[in-house]
Amino acid sequence: MRRSVKVALLGPIAWRTPPLHYGPWEQVTSLLAEGLVARGVEVTLFATLDSVTSGSLDGVCPHGYADDPRLDGRVWEAMHVAHALGRSAEFDLVHSHLDWLPLAFAGQCRAPLLTTVHGFSGKGILPAYARARSAYVSISDADRAPELDYVATVHHGIDLDALPFSAEGGSRLISFGRVHPDKGTHTAIEIARRAGMPLTICGIVQDERYFEERIAPMVDGEQVRFLGSVGPERRGEILGGGAALLHPIDFDEPFGLSVVEAMACGTPVIAYRRGSMAEVVDQGVTGFLVDSLDEAVAAVARVGTIDRVGCRARAERRFSVHKMVTNYLRVYDELLGRR
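What counts and what doesn't
- Residues numbered from 1 in each chain as written.
- Predicted model: local features only at pLDDT ≥ 70, side-chain atom pairs only at ≥ 80, totals over all residues.
- Heavy atoms only, no water.
- Salt bridge = Lys/Arg side-chain N within 4 Å of Asp/Glu carboxyl O.
- Helix = DSSP H or I, 4+ residues; strand = E, 2+ residues; numbered from the N terminus.
- Buried < 20%, exposed > 50% of the residue type's maximum accessible area, 1.4 Å probe, protein only.
- Pairing = 2+ DSSP bridges.
- Core = buried A, V, L, I, M, F, W, Y, C linked by side-chain atoms within 4.5 Å.
- Contact = heavy atoms within 4.5 Å.

Turning to the pattern of salt bridges, a few remarks are in order. A full pass over the atoms with the stated rule returns 19 salt bridges. Residue D58 pairs with R87 through a salt bridge whose shortest N-O separation is 2.7 Å. Residue D58 is located in strand β3 (residues 56-58), and its partner R87 is located in the loop between α2 (73-86) and β4 (93-96); the two are separated by 29 residues in the primary sequence. When its relative accessible area of 23% is taken as the criterion, R87 is described as partly exposed. Where R312 meets E316, a salt bridge forms, and the shortest distance between an N and an O atom there is 3.0 Å. A residue pair is termed a helical-turn pair when its members lie 3 or 4 positions apart in one helix, as R312 and E316 do in helix α11 (residues 308-318) at four residues. E316 sits in the partly exposed class, given a relative accessible area of 37%.

Put into C-alpha cells, the structure is as follows:
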C-alpha cells in the first residue's frame, strides 16, 4: 500500500465513533481508522462530529441520532451520505461501513467504492447491493449472500489492550449484547438456571416489550443481574470476570464481536451453532458449539476444561486489529491495482 493513498471511511452515525457504550459498527470503523493511520494511510473519517480519530474528521451530524430523539436517523443518514459522496473525488477509495443507503447513490461516487457488509437487516435490502457499483467484503464466510460477488472475507479485529487477560475468571455466567429475542437473552437465563449458576446480563434494551415481559421479571439482583449498556471501560472487567459467555442466538449471527472479546479475556464461549459461530469459535479451545438448551447446560459443566491462556492466545492470533488492518490493506491494493 502506497503511503500517499487517501481513503474515506464512511462510518455509521447512530452513535459516536468510537462509541461510548453500544455501537459495534462504530467500534470496528474506529479501530480500522486508527490502524490505517498508524500504517501511513491518509484517512478521512466521515462520522458524527463528536467522534474522535487520529485521521481527519468530517461529517454533518452533530452526535449519534440513537442518543437524541430530536434527530431523525433517516434524514441525517441521507445528509451524511450525500456530504461524503460529494467529496468522493478527493480520495483514492471510499470504504463504507454503513448499511444499504450509500449503495443507492453509488453512481455518484467518484472513487472506487468498497462496502463492508456488517449484516443484512432483511432480504428486502438486497436489490440495493445487487445493483450497486461497489466491491464487497463479508465479515464472515457464513454471512454471504449468493447474489453478490465478494473480494474477501475480513474478520473483525479487537483492541486486545483494552481487553486484559483474566487467568481466574469468575463464578458468574455472562450474557453480553442486545437484549432482543434474536440474541436469546431469555435462553441464557434458562441455561444459567438449569446449570445452577448466577448470570450477569449486559446490553442495550432493543426490544422493550420483550425485556418487560421475559427478562425484567427474572432479574433479582443476585441470581440474575442486569447492568444495562456497559461502556468500553468496564467491558474487559466484566467479560474477563466471567466463567463463560453464553451466546444462545436465535438468528444467523454475522460475526459476534462480544464473542471474540470474551475469548480475548480468556473467557470461553458457549454458543448456538448458527451463522458465523462455527467459523469464530474453535471447539474445545475457545469454547463450545451447541445445538440445544440441554447441550448448552452440559457445556457449562465443561468450561473448566478450557485453558484460559490458550483461549486468549487463539483470540490474539485470529482477531487482532493488526490482522484486520493488514487484510483490508490487501483488499485496497487489489482494488486500486484493478483501477
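The structure having been displayed, the exposition proceeds.
Another point: the sheet that holds strand β6 (residues 135-138). Read from one edge of the open sheet, seven strands run β3-β2-β1-β4-β5-β6-β7, paired in parallel fashion. Both outer strands of the open sheet, β3 and β7 (152-153), are each paired with one neighbouring strand and no more. Across two bridges, β6 lies against β7 in parallel orientation. When the sheet's bridge partners are listed, S138 is paired in β7 with T153.

As a rule of thumb, soluble globular proteins bury nonpolar side chains together. Within the largest apolar cluster, 83 residues are counted, with the highest numbers of intra-cluster contacts made by L9, L36, L173, M263, I270 and Y332. With nine residues, the top contributor of residues to this core is helix α12 (residues 321-338). Ignoring any residue separated from it by four or fewer positions in sequence, one finds L36 in contact with L9, V41, V43, V325, L329 and Y332. Core analysis: the second largest hydrophobic core is formed by 25 residues, V94, L103, A111 and Y136 among them.

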